[in-house]
Each structure stands twice: as C-alpha cells, then as structure tokens.
Amino acid sequence: MAEDTATIGQRLILSDLQARNAAAIDDDRLEEWPGFFTEDCHYRITNHQDFSAGLRHGIIFADSRAMLEDRVAAIRGANIFEAQRYRHILNPPVISSAGNGWVAAVTGFAVIRTMQDGKSELFVSGEYRDRVMFDIAGGADQGVFAERVVVLDSQRIDTLLAIPL
Amino acid sequence: MAEDTATIGQRLILSDLQARNAAAIDDDRLEEWPGFFTEDCHYRITNHQDFSAGLRHGIIFADSRAMLEDRVAAIRGANIFEAQRYRHILNPPVISSAGNGWVAAVTGFAVIRTMQDGKSELFVSGEYRDRVMFDIAGGADQGVFAERVVVLDSQRIDTLLAIPL
Amino acid sequence: MAEDTATIGQRLILSDLQARNAAAIDDDRLEEWPGFFTEDCHYRITNHQDFSAGLRHGIIFADSRAMLEDRVAAIRGANIFEAQRYRHILNPPVISSAGNGWVAAVTGFAVIRTMQDGKSELFVSGEYRDRVMFDIAGGADQGVFAERVVVLDSQRIDTLLAIPL
C-alpha cells in the first residue's frame, strides 16, 4: 500500500460504496443508482481494446447525473428488462492514487445474468476504474463516484446491454 | 455507511465469518457448519420470487442448530455427494442495520460446482440475508449467524441441491 | 478471528497484495509478477486431489523468484498467449495462522478467461494457500508472498495453462 495514502477507513468506504451500488442494481432499485454519483460525474462503459487505444467513446456514455437519471427513465419506460436479473461479483479494490478527500481505484468484477426461465450465465467481466470523492463537508461517512469507467474484458458485447453495470 | 453503526472491526468479523463458513463447506468440513450458527438459529434457502412474495417456506428450512446437524448427518449417511465440490465466491457485505452486538447484512455470492469428471460450472448465484451476533460475553472476537436466508436469483433449482449453501 | 493474531492492518495488506497481484496478471503486466514474491519463494499450481494426497509436484513449480522470472521470459518468448485475457475473482482471505511479521491464509478464487473472439468462460476455480511476509524492515506497509500454493478444484486442467494464476 506504499503507492497511496488511502486510510483503512477510506478503503472500507470505497468497498462499501461499490457493494451498495451493485446491490441497488442487482435488486432492481435502479432509481437509487444515479444517487451514487456526483452531479457532474463521468460514467461510461467501454471495452479493453478501445480503452487501451485511448478512445473516449462508450457503449454507454454520460457526463452528468442527470444523464444517468434519463437512462433509468428510459429503461423504465421501455419496460422490457424485467426478464433478467444481474448479480455483480466484486473484487477488493486496488488503490491507484489518492489525495485529500478522494481515491482512484481499479476493481475487477464479473456479472452473472439470470433470465426469467431461470437460466444463469456469466454475462460480462472487466474492471471498474473509479474516482471516488469522500463527502467530508456533509459530515457523512460515505463516498460518491466522480468518475466510473467500466472496462469490459470482451469487445463482443451483448446488444441487449441496457441495465447499468 | 451512514445508515448503520457497524464499526470497522465488526465489518471485518462479519466478512471473516462468511469466508470461514464458505471455506468449511467448500473443503467438505460439513461437521463444522452448524457451529457457525446460534442454537435457535433460522436458516433457509429460497428464491428471489418467493422471497419477494413474502413466502416463508424454503427448499431447505431449519429453525435450530440441531436441525442443521441432522442435515449434515443425513448428507453423510446418504454418502452420495462426494462427486461434487463447491466453491463459494463472496462479495463484500452491505450492512442494512446494526445494533448493540449484532448486524444485519446482505451479501451477494455465487457458487461454482466441480463434478468428479473435472467439469466446472456456475451452479447458483444469489444473496445471503444475514443477522450476525457478536460473541461479546465469551470475550471471543467472533460472530455467529442468528439468521441466514439464502435467496437464489433463479427459481429453477437443481433437484440435487443437498450440500448447504 | 480467535485462531490467529493478525491485526486489521495485516488483513488489509494481505487482501491488497492478493488484489494487486491479480490485477498485474489480468492487465498483462507479467513482468511485475515475480516482484510479489520473496527471492527464495515457493510457488506451485496443483489440484485438490494431489494436494490432499500430500503430493508435492505441480503443473507449475518454482522454488525461487528467479524461476518465476524465467517463466515470464518463456511466456514472452513464445508469444502465443496474447489471444487470451484473465480476470481473477477473489474471496476475502481466511487466516489460518499468524506470527511475528507473517500470516498464512486460504483464499478462494475463480478465473474467467476471455478469448480474442470475445467469448468469456469460467476457466478455473480453487484456493490460494499463501504464506505472506510483511516488510517491516523496509518500513513499507506491504506484504510479499513467501509461499503460494494454488490448489485447483478440478484435476482436469487445460493443457494451455501457461499464464500464472
């Protein structure tokens, strides 16, 4: 842990934020999802190949919390995704850098998808590249995503990808 | 972490309890499994659909540690399960509430099953809904399950489900 | 946690070491991999059946950091493994024993493999049986593997197994 200055408390807040975010998605509480991000957040889903090439586009791309809220509304409006459930599996985060009130971390993950007929399968794997702010001003012992880049291991993405990862 | 009062130490004890419990099952030390529970524990395995509907039945249902011990004896007596090995994969727990000497948490998990012929597959995924007591009186720095409800993502359960999850 | 004397800090250093090691492999920074081990380390990959029988051989076997470096050089020289990516998924470690400046732990894991055509699959599962030294003399808040035995759940191993686990 020499490369950073994250405290034990900050590590646990980070891991807790990631786990609560995953639980909200997996439990279909999508309306809570934008609340895990700052107002001017950056969120996108890309793949390893494009990310390594420095490309900034994404399968999903948002530059504000409002865009995340729009996305949730669109999913609810379309109403076609009830048939599937997600289950996020999360690694311990690896802190890449840290400063006063923030940490950057890379966190491996996988998602299992269960269809309505009961069939479960490995859906995607990849890593979260997060920048998390700690809400010190608010006095709350919580973090929030300022940036979350979801880098998938495979460039072959299911075209039905619609629920946030 | 604002919604609860669990300390860093309690979080680690919880996560450690879950990991040791999983390791005992995966290592076929089933006789140790009931010892992770209180004498008057509640344990059941159900699925998301039934759990959401408020149904209290389960594929496996136990209302005491003695019933868990009976289950282990039955598995050993039947002696038909040597052919498979489990591998639990655990998320960080999400604390839902906490009090004096206890926490309640929801924890995502998946289980990989390896058959005797060497074939491995994703077996089930779901979440543990745990209530854990901390053994303060005993002076031990350990937790024990007072309640563990295993909610599977899929309602299509393998009929051979016999080893505890 | 009564069976050991590992502190909260040591647990986090251990988990962090495991996560950074996995990230280096998954990100194809194989040259960093030997640096996670002591000079006179023991590393091997075996399976549950052979491990339980007390056999000391391995699919991969190394008795020093230099042998790990040789292995990386061989992989780079062969240059045939670019086609696949690994994604390690790690459990919380279970401490089995601890002493002055070291811990021994058993940690469940799974690896997902993504081929160049984009197909992802569960590759292997198993447990790490680690002995980790804490670098107290160096003043660094880091751990290093003195021993890592990778015990796979299945004895049917992919013959292409070449990247370290």
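That block above? That's the structure.
Predicted, not measured: the structure shown is a model, and the values here were computed from it.

Trainee: Looking at this structure, how should I read the nonpolar core?
Mentor: One recurring pattern in soluble globular proteins is that nonpolar side chains are buried together. Of all hydrophobic cores here, the largest spans 39 residues; its most connected members are Phe37(C), Tyr43(C), Phe109(C), Val150(C), Leu152(C) and Leu165(C). Of all the secondary structure elements, the ones that give two or more residues to this core are helix H1 (8-26), strand E1 (37-47), strand E2 (60-62), helix H3 (65-78), strand E3 (84-90), strand E5 (102-115), strand E6 (120-134) and strand E7 (143-152) of chain C. In terms of residues, this core owes the most to one element, H1(C), which gives 7 residues. The contacts of Phe109(C), once residues within four sequence positions are left out, are Arg87(B), Ile89(B), Ile89(C), Leu90(C), Val124(C), Ser125(C), Gly126(C), Glu127(C), Tyr128(C), Val150(C) and Leu152(C).

Trainee: How do you make sense of the interface of chain C and chain A when you look at a structure like this?
Mentor: It is common to give the size of an interface as the accessible area that goes away when the parts come together. If you look at the interface, chain C gives 26 residues, while chain A gives 23 residues. Roughly 2,100 Å² is buried in total at the junction of chain C and chain A, and carbon and sulfur atoms are behind 57% of that figure. Between the two partners, chain C and chain A, sit 4 salt bridges. As a salt-bridge pair, Asp153(A) and Arg85(C) come within 3.7 Å of each other at their nearest N and O atoms. Across the chain C-chain A interface, the total number found is 8 residue pairs in polar contact (both at pLDDT 80 or more). Among the secondary structure elements, those contributing two or more residues to the side of chain C that touches chain A are H1, E3, E5 and E6 of chain C. The leading source of residues in the side of chain C that touches chain A is H1(C), at 9 residues. For the side of chain C that touches chain A, the class distribution of residues is 9 nonpolar, 8 polar and 9 charged.

Trainee: Sorry, what's going on with the pattern of salt bridges here?
Mentor: It is possible for side chains bearing opposite charge to pair when their charged atoms get close. Under the definition given, this model contains 39 salt bridges over all chains. Note that Arg20(B) and Asp16(B) form a salt bridge whose closest N and O atoms lie 3.0 Å from each other. Note that Arg20(B) and Asp16(B) are positioned in helix H1 (residues 8-26) at a spacing of 4 residues, about one turn of the helix. Here Arg20(B) falls in the buried class, since its relative accessible area comes to 11%. Here Arg11(C) makes a salt bridge to Asp16(B), at a shortest N to O gap of 3.3 Å. With Arg11(C) in helix H1 and Asp16(B) in helix H1, this pair bridges two chains. You can call Arg11(C) buried: its relative accessible area is 9%. Overlapping salt bridges bring together Asp26(A), Arg85(A), Arg87(A), Glu127(B), Arg129(B) and Asp153(B) as one network.

Trainee: Got a minute to help me understand a nonpolar patch on the surface in this structure?
Mentor: On the surface, Ile8(A), Ile8(B) and Ile8(C) cluster together to form a nonpolar patch covering roughly 190 Å² of accessible area. By the element assignment, Ile8(C) lies in helix H1.

Trainee: Just to check I follow, could you spell out the pairing of strand E3 (residues 84-90) of chain B for this structure?
Mentor: Where a strand is regular, its side chains alternate between the two sheet faces. For E3(B), the tally of buried residues reaches 7 of 7 residues, placing the bulk of the element in the interior. Burial along E3(B) is two-sided: Gln84(B), Tyr86(B), His88(B) and Leu90(B) facing one way and Arg85(B), Arg87(B) and Ile89(B) facing the other are all buried.

Trainee: Explain the interface of chain B and chain C to me, please; I cannot follow it from the model alone.
Mentor: Each side of the interface is counted separately: chain B has 25 residues, and chain C has 23 residues. For the pairing of chain B and chain C, the buried interface totals around 2,000 Å² over both sides, and the portion due to carbon and sulfur atoms is 57%. Looking only at chain B, the three residues that lose the most surface to chain C are Leu12(B), Arg85(B) and Arg87(B), adding up to 27% of its buried area. For the interface between chain B and chain C, the tally reads 4 salt bridges. At the junction of chain B and chain C, the tally comes to 9 residue pairs in polar contact (both at pLDDT 80 or more). Counting residues per element, the ones that place at least two in the side of chain B that touches chain C are H1, E3, strand E5 (102-115) and strand E6 (120-134) of chain B. The element that contributes the greatest number of residues to the side of chain B that touches chain C is H1(B), accounting for 9 residues. Looking at the side of chain B that touches chain C residue by residue, the class counts come to 9 nonpolar, 8 polar and 8 charged.

Trainee: I keep staring at the relation of the copies chain C and chain A and nothing clicks. Help me out?
Mentor: The operation relating the pair of chain copies consists of a rotation about an axis and a translation along that axis. Superposing chain C onto chain A takes a rotation of 120° combined with a translation of 0.0 Å along the rotation axis, leaving an RMSD of 0.0 Å. With respect to symmetry, the two chain copies, as superposed, fit the operation of a three-fold axis. With a heterologous cut-off of 20% or less, the 15% of interface residues of chain C that recur at the interface of chain A puts this contact in the heterologous class.

Trainee: It is not clear to me how a negative patch on the surface should be interpreted in this structure. Could you clarify?
Mentor: Residue and element names in this part refer to chain A. Together, Glu-39, Asp-40, Glu-69 and Asp-70 make up a region of like negative charge exposed at the surface. Only strand E1 (37-47) and helix H3 (65-78) provide two or more residues apiece to the negative patch. Locating Asp-40 in the fold gives a position in strand E1.

Trainee: Mind showing me how you'd approach H3(A) here?
Mentor: Given 3.6 residues per turn, any residue in an α-helix points the same way as the ones three and four places further on. Residues and elements named next belong to chain A. For H3, with 14 residues, the first-to-last C-alpha span of 20 Å sits near the 20 Å given by 1.5 Å per residue. By the burial criterion, the buried members of H3 are Leu-68, Val-72 and Ile-75. Buried positions in H3, seen along its axis, are confined to an arc of 60° and lie on one side of it. Those residues of H3 that are exposed and angled more than 90 degrees off the buried face are Asp-70 and Gly-77. For H3, the secondary structure elements touched by its buried residues are E1 and strand E2 (60-62).

Each value, and the rule that gives it
- Residue numbering note: each chain is counted from 1, following its sequence as written.
- Whichever chain is written first becomes A and whichever ligand is written first becomes 1, with later ones labelled in order.
- Reporting of local features is limited, given that this is a predicted model, to residues whose pLDDT is at least 70; pairs of side-chain atoms are given and counted only at 80 or more, and all residues count toward the totals for whole chains, interfaces and linings.
- Each side-chain value is derived from all of the structure's non-hydrogen atoms; neither hydrogens nor water enter the calculation.
- Nine residue types can take part in a nonpolar core, namely buried Ala, Val, Leu, Ile, Met, Phe, Trp, Tyr and Cys, and a core is a set of them joined through side-chain atoms within 4.5 Å.
- Buried means the residue's accessible area, taken with a 1.4 Å probe over protein chains only, is under 20% of the maximum for its type, while exposed means over 50%, and partly exposed covers the values in between.
- The way it works is that DSSP assigns letters per residue, a run of H or I at least four long becomes a helix, a run of E at least two long becomes a strand, and they are numbered from the N terminus.
- Contact between two residues is taken to exist if any of their heavy atoms lie within 4.5 Å; hydrogens are not considered.
- Throughout, the accessible surface (probe 1.4 Å) given up by two parts as they are put together, summed over both, is called the buried area.
- Only one rule defines a salt bridge in this text: a Lys or Arg side-chain nitrogen within 4 Å of an Asp or Glu carboxyl oxygen.
- In protein, a polar contact requires one atom able to donate a hydrogen and another able to accept it; more generally it is a pair of N or O atoms within 3.5 Å, and residues adjacent in sequence count only if both atoms are side-chain atoms.
- Note on residue classes: Ala, Val, Leu, Ile, Met, Phe, Trp, Tyr, Cys and Pro are nonpolar, Asp, Glu, Lys and Arg are charged, and everything else, Gly too, is polar.
- Exposure above 30% relative accessible area and the lack of any salt bridge qualify a residue for a patch; like charges then connect within 9 Å, and the nonpolar side chains Val, Leu, Ile, Met, Phe, Trp and Tyr within 5 Å.
- To be clear on the numbers: accessible area is Shrake-Rupley with a 1.4 Å probe, and residue cover counts the displayed protein chains and nothing else.
- For this overlay, a least-squares fit was computed on C-alpha atoms, restricted to residues scoring pLDDT of at least 70 in both copies.
- Only four residue types enter the tally: Lys and Arg on the positive side, Asp and Glu on the negative side; His and the chain ends are excluded.
- By convention, the point assigned to a charge is CZ for Arg, NZ for Lys, CD for Glu and CG for Asp.
- Residue count minus one, scaled by 1.5 Å, sets the expected span of a helix.
- Of all possible arcs, the one meant is that of the directions from the helix axis to the C-beta atoms.

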